[in-house]
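Descriptive structure summary
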Amino acid sequence: GEPRDAVVVSGTVPHSPSAQADIRPFDVILSVNGTPVETQESLSGLLRSAPRAEFQIRRLGNQQLDIAVEGIPCDCARIAAEASRANPPATPLARR
């Protein structure tokens, strides 16, 4: 099932691996490499050592996509940082 909380992407760096893989602002990251993502901290931990990541994304309310991103962890650290600014880690993320 879908995680109770999730991380929302607020932006990507132009021409970065995540942007080239078509991760977009407002995408909801449901899981990375099959592991549910419920907080920015869990996203950062999952991406810390992975050279590649398979994201399960929810877009526009109900479209679910599987997106592979090469060039991890550097690029996805940026995604996590953007998500952190959109959803401060001290506050539980809103249920999506």
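A quick note: this is a predicted structure, and the numbers were derived from the prediction, not measured. The residue numbers shown here count from 1 along each chain, following its written sequence. Per-residue local features are limited, in this predicted model, to residues with pLDDT of at least 70; the limit for side-chain atom pairs, both in listing and counting, is 80 or more; totals at the level of whole chains, interfaces and linings are taken over all residues. Based on all heavy atoms of the structure, the side-chain values leave hydrogens and waters out of the count.

1. A few points about the nonpolar core
In these notes, a set of buried Ala, Val, Leu, Ile, Met, Phe, Trp, Tyr and Cys residues joined through side-chain atoms within 4.5 Å is what counts as a nonpolar core. The rule is simple: take the accessible area with a 1.4 Å probe, protein chains only, and divide by the maximum for that residue type; under 20% is buried, over 50% is exposed, in between is partly exposed. Counting residues in each nonpolar core, the largest one holds 15 residues, and the members touching the most others are Ile-29, Val-32, Leu-43, Phe-55 and Ile-67. A run of H or I in DSSP counts as a helix once it spans at least four residues, and a run of E counts as a strand once it spans at least two, with each numbered from the N terminus. Listing elements by their share of this core, those giving two or more residues are β2 (28–32), α2 (40–47), β4 (52–59) and β5 (63–70).

2. With respect to α2
The complete set of buried residues in α2 reads Gln-40, Leu-43 and Leu-47. In an axial view of α2, the angular spread of the buried residues amounts to 60°, which keeps them on one side of the axis. Here the arc refers to the set of directions running from the helix axis out to each C-beta atom.

3. Quick word on the pairing of β5
At least two DSSP bridges between two strands are required for those strands to pair. Where β4 lies against β5, eight bridges are found, and the strand directions are antiparallel. Paired with Phe-55 across the strands is Ile-67, a residue of β5. Between β4 and the antiparallel strand that follows it, β5, lie three residues; Leu-60 among them carries a positive phi value of about 55°.

4. Structural notes on the pattern of salt bridges
The salt bridge definition used is simple: a Lys or Arg side-chain nitrogen within 4 Å of an Asp or Glu carboxyl oxygen. In this structure the tally under the stated criterion is five salt bridges. The shortest N-O distance in the salt bridge between Asp-22 and Arg-59 comes to 3.4 Å. One end of the pair, Asp-22, is in the loop between α1 (17–20) and β2; the other, Arg-59, is in strand β4, with 37 residues separating them in the sequence. Judged by relative accessible area, Asp-22 falls into the partly exposed class, the value being 32%. Using a relative accessible area of 6% as the deciding quantity, one classes Arg-59 as buried. Notably, a salt bridge pairs Arg-59 with Asp-27, separated by 2.8 Å at the nearest N-O pair. Taken as a pair, Arg-59 in strand β4 and Asp-27 in the loop between α1 and β2 lie far apart in primary sequence, 32 residues in all. Of the two residues, Arg-59 and Asp-27, both sit in the buried class. Shared partners join several salt bridges into a network, and the residues in it are Asp-22, Arg-24, Asp-27 and Arg-59.

5. Side note on the confidence of the model for the chain
With 69% of its residues at a pLDDT of at least 70, the chain reaches an overall mean of 75. Within the chain, no element has a lower average pLDDT than helix α3 (residues 74–86), which sits at 55, and none a higher one than strand β3 (residues 35–36), at 92. This stretch, residues 88–96, has a pLDDT under 50; its non-local contacts, to residues over four places away or in other chains, come to 17 contacts. Per residue, pLDDT captures the predictor's confidence, and it can take any value from 0 to 100. Any two residues having at least one pair of non-hydrogen atoms within 4.5 Å are treated as being in contact.

6. Looking at the side chain of Ser-31
Tracing the backbone through its elements, the reader meets Ser-31 in strand β2. Assessed through its relative accessible area of 10%, Ser-31 is described here as buried. If we skip the residues at most four places from it in the chain, Ser-31 touches Pro-36, Val-37, Glu-54, Phe-55 and Gln-56.

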